[in-house]
Each structure stands twice: as structure tokens, then as C-alpha cells.
Amino acid sequence: MPTASIIARSLTKSYGELTALESFDLEVEQGSIFGLLGPNGAGKTTLIRILTTLMRQSRGEAFIEGLDTRSEGRAIRRMIGVVSQENSLDRYLTARENLELHARLHGMEKKLYKRRIDELLELMGLAGRQKDFPDTFSGGMQRRLVVARALVHQPRVLFLDEPTTGLDPQSRRAVWEYIRSLAGRMTIFLTTHYLEEAEQLCDRIAIMDHGRLIAIGSTQELKDRLSGATVYEIEFTGEGADRYAALLGSMPCVIDIRQIENKVTVTLECWECLSEIVTALNGAPVRRISLQERTLEDVFISLTGEKVRE
Ligand SMILES: Nc1ncnc2c1ncn2[C@@H]1O[C@H](COP(=O)(O)OP(=O)(O)O)[C@@H](O)[C@H]1O
Ligand SMILES: [Mg+2]
């Protein structure tokens, strides 16, 4: 059996009185994309700092590719790439020079890093801007440059702390695409407070809040843990949405109902209740009734009883 790429056992970290991470257990398979999902203050950065040997745990143990974070930090740092929450680019160096500096800090030979940097600039869509300074880049391009920098020394494990926070949706999608293109070549561990990001990118997801692991599994497994409730969207062609929303809202099988203009979203106790809804809508001006995919947002709410704090 191959050893897991990342292992955390009963990992605990306290900052004085505050326990930011509590008895955290985790295993991440080699070559997979793993997402750690949680709202601000959940403890994601704390966990990443311990795994990347930037900080020591209070209790418990962690291993990266079999190496102990407490005693083998140097060896671990050589084989991981880290993209921290802040961009931390050198603004007085060009994009290419930022990568070259990183290569030299890792003791790489010029012959080796020159080719590697060419490839990475190409891969991250930055080849045309390599002589420019990071300050002239958009947020998304800066982020891609930071990811490129973390990859220069060919890490086996890449850590990304909130890789797309603060980016506009279009840049976010671009960063996703670049992260996806790395899949299989290394283990990728990312944190995010965007449900969609975890859902789009990750093979497996851990949900955490208040320093604790709440749930872990594949996106599908986590969705399957939801109760039997199903959500349908009913779109009306013309007038009538208001009247029918009131009618549906009074039915016992309807747990929740929301209306935005001519679209009414109903949450039913179970999918079998749909027939009652269809009967009630007999003769109504309905354009379509569609089943809504359950999202991780639903999972988060059902597991924690809270919406994700932005
Ligand atoms: N250096 C620190 N000293 C004291 N408290 C901290 C420190 N770093 C983080 N915290 C606290 O620990 C908790 C978890 O923080 P963090 O790991 O940064 O969460 P996340 O990355 O999920 O937003 C928060 O309540 C935060 O205020
Ligand atoms: Mg953080």
C-alpha cells in the first residue's frame, strides 16, 4: 500500500487560550487534489503552517511523504511548494527574476532552472509578460506567478492557502484551470472558503470549523450525507407565481419556499412529494420544473447548521 502524501494525527494547536486546531486527523493520497474547506477563522492557515513546517503544533504529529514535520523540516521544505495567503512577490524584480531568485534560493543550477522557468511561464500563461514587474499585473496574473514560483524546484507536494480569494470570477476560473493542469503530477493541498472551488477542483474535501474536522470525503460522498430533502425550481411562464407560491407554501410536504420573480424554489421532505406538487400545479402556467443539484453549501448548512461565513 502506498503511504499517504500528507498525514495529520490528533494535530492540535493553541494560541494561548484559543485552540485554533483541535485533534485534527487527515490523510491525503499521493497525486490527488485535496481541499480543506472552512469559513474565515476556521483554522485552515494554522493547519497549513504546521504541515509546511512554518509553525510547530502543540500536540499530535504530522508527516509529509513520510517525513516528520517536527524533526525533518529541512527535508520537507526542499520537496514542498507553498503558496501563502498573501502574494509576497518581490516588486523590484521582474516576473522572471522572481522565479530565478526562488530557483537560486533552492540551490538549483542555472542550466536546469532556465528551462524549467521557461516551461512554467508558458504553463501559467505568463510567457509574454516575463520581463514586466508584478505591480503591473492583474490580481489573477500575480496569483499565477506565485503558483509558478512555488513550482520552480519541482515539489512533490504543493500547498495553496486560499489561492483565489479576492479574485474576480473570471480570474478565479483561470487559476482553477492552471491548478487542474497540475493534477496527477504532484499532491495538491488547498484551502478555500469557497464551496464551489472545493467542488470544482478537489478529489476529496475536508470541511472544518472552529479548529475541528466536521466531515471528510469526496464531493459526492459529502452530498450523499445530506438528508432526503430535495429541492426543485419551478419556473412560471407568466403571472401566477405569487399565487402558486402561496399555495405551495401551505402544503405540509414543503419544508421551505423562496420566490424570485417568476421562479419559485421549493424544498420538499422527500422526492416522492413531487407528485403532490405536480397535482397542485395542475393547470398552472409552468414553463419548467427542475431538480436542483445539491451543493456543498447545502452540506455545510446541514452539518453545521450555519451558512458559510464569508
Ligand atoms: N498567530 C496567532 N496568534 C493568535 N491567534 C491566532 C494566530 N493566528 C491565527 N489565530 C486565530 O486562530 C484562529 C484560526 O485562524 P486561521 O488558522 O488563520 O484560520 P483560517 O485560515 O481558516 O481563516 C482564528 O481565530 C485566528 O484569529
Ligand atoms: Mg487563512
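Scoring rules and cut-offs
Residues numbered from 1 in each chain as written. Chains lettered and ligands numbered in written order. Predicted model: local features only at pLDDT ≥ 70, side-chain atom pairs only at ≥ 80, totals over all residues. Heavy atoms only, no water. Donors = N, O, S within 2.8 Å, 3.2 Å for Na, K, Ca; no water. Helix = DSSP H or I, 4+ residues; strand = E, 2+ residues; numbered from the N terminus. Phe/Tyr/Trp six-rings, centres within 6.5 Å; stacked < 30°, edge-to-face > 60°. Buried < 20%, exposed > 50% of the residue type's maximum accessible area, 1.4 Å probe, protein only. Lys NZ or Arg CZ within 6 Å of the ring centre and 35° of its normal. Contact = heavy atoms within 4.5 Å. Domains from an automatic or database assignment. Pairing = 2+ DSSP bridges. Axes fitted to C-alpha atoms, helices over the stretch in contact; angles between N-to-C directions.

Undergrad: Before we go on, may I ask you to explain the coordination of the magnesium ion (ligand 2) in this structure?
TA: Ideal values for angles at a metal depend on the geometry: 109.5 degrees with four tetrahedral donors, 90 or 180 degrees with six octahedral donors. Donor atoms from the polypeptide that coordinate the magnesium ion (ligand 2) comprise Thr-45 (OG1) and Gln-85 (OE1), at 2.0 to 2.4 Å from the metal. Of the two residues, Thr-45 is situated in helix H1 (residues 44-51) and Gln-85 in the loop between strand E6 (80-83) and helix H3 (95-105); the sequence distance between them amounts to 40 residues.

Undergrad: Which parts of the structure should I look at to understand the packing of aromatic side chains?
TA: Centre distance and the angle of the planes are the two values used to describe a pair of aromatic rings. Taken as a whole, this structure holds 3 aromatic pairs when the rule is applied. When the ring of Phe-34 is compared with that of Phe-189, the centres are 5.8 Å apart and the planes differ by 10°; the resulting orientation is stacked. One end of the pair, Phe-34, is in strand E3 (residues 33-37); the other, Phe-189, is in strand E8 (residues 187-192), with 155 residues separating them in the sequence. Here the two residues Phe-34 and Phe-189 agree in accessibility, since each one is buried. Here the aromatic rings of Phe-236 and Tyr-244 are separated by 5.8 Å at their centres, their planes lie at 20°, and the arrangement is stacked. Given a relative accessible area of 11%, Tyr-244 falls into the buried group. Among the aromatic side chains, those forming a connected cluster through ring pairs are Phe-34, Phe-159 and Phe-189. The side chain of Arg-172 reaches across the aromatic face of Tyr-194, ending 3.8 Å from its centre.

Undergrad: Whenever I open this one, the environment of Phe-137 confuses me. Can you help?
TA: Considering the arrangement of structural elements, one finds Phe-137 in the loop between helix H4 (110-123) and helix H5 (139-151). According to the relative accessible area criterion, Phe-137 is buried, its value standing at 6%. Along the primary structure Phe-137 and Ser-23 are separated by 114 residues, whereas in three dimensions their C-alpha atoms are 41 Å apart. Apart from the residues lying within four places of it in its own chain, the contact partners of Phe-137 are Ala-95, Leu-126, Arg-129, Asp-132, Gln-142 and Leu-145.

Undergrad: What should I look at first to understand the domain arrangement of the protein in this one?
TA: Accessible area lost upon the coming together of the parts is a frequently used measure of interface size. Domain annotation of the protein identifies domain 1 (6-224) and domain 2 (230-293). A straight line from the C-alpha centre of domain 1 to that of domain 2 covers 43 Å.

Undergrad: Which parts of the structure should I look at to understand the sheet that holds strand E4 (residues 59-64)?
TA: Whether parallel or antiparallel, the strands of a sheet pair through hydrogen bonds between backbone atoms. The strand order across the open sheet formed by 4 strands is E2-E1-E4-E5, and the pairing between neighbours is antiparallel. One side of each edge strand has no neighbouring strand; the edge strands of this open sheet are strand E2 (18-28) and strand E5 (67-68). H1 rests against strand E1 (6-15), E2 and E4 of the sheet, and its axis sits at about 120° to E1.

Undergrad: Mind showing me how you'd approach the sheet that holds strand E12 (residues 254-260) here?
TA: Within the open sheet, the 4 strands sit side by side as E12-E13-E11-E14. Their pairing is antiparallel. Sheet topology places E12 and strand E14 (286-291) at the edges, where each strand pairs with a single neighbour. Between one strand and the next, the sheet's axes are offset by a mean angle of 20°, whatever the strand orientation. Sheet analysis places E12 next to strand E13 (residues 263-268), joined by 6 bridges and oriented antiparallel. From the neighbouring strand, Asp-256 faces E13, where its bridge partner is Thr-267. Strands strand E11 (230-236), E12 and E13 of the sheet are contacted by helix H9 (residues 241-249), whose axis makes an angle of about 165° with E12.

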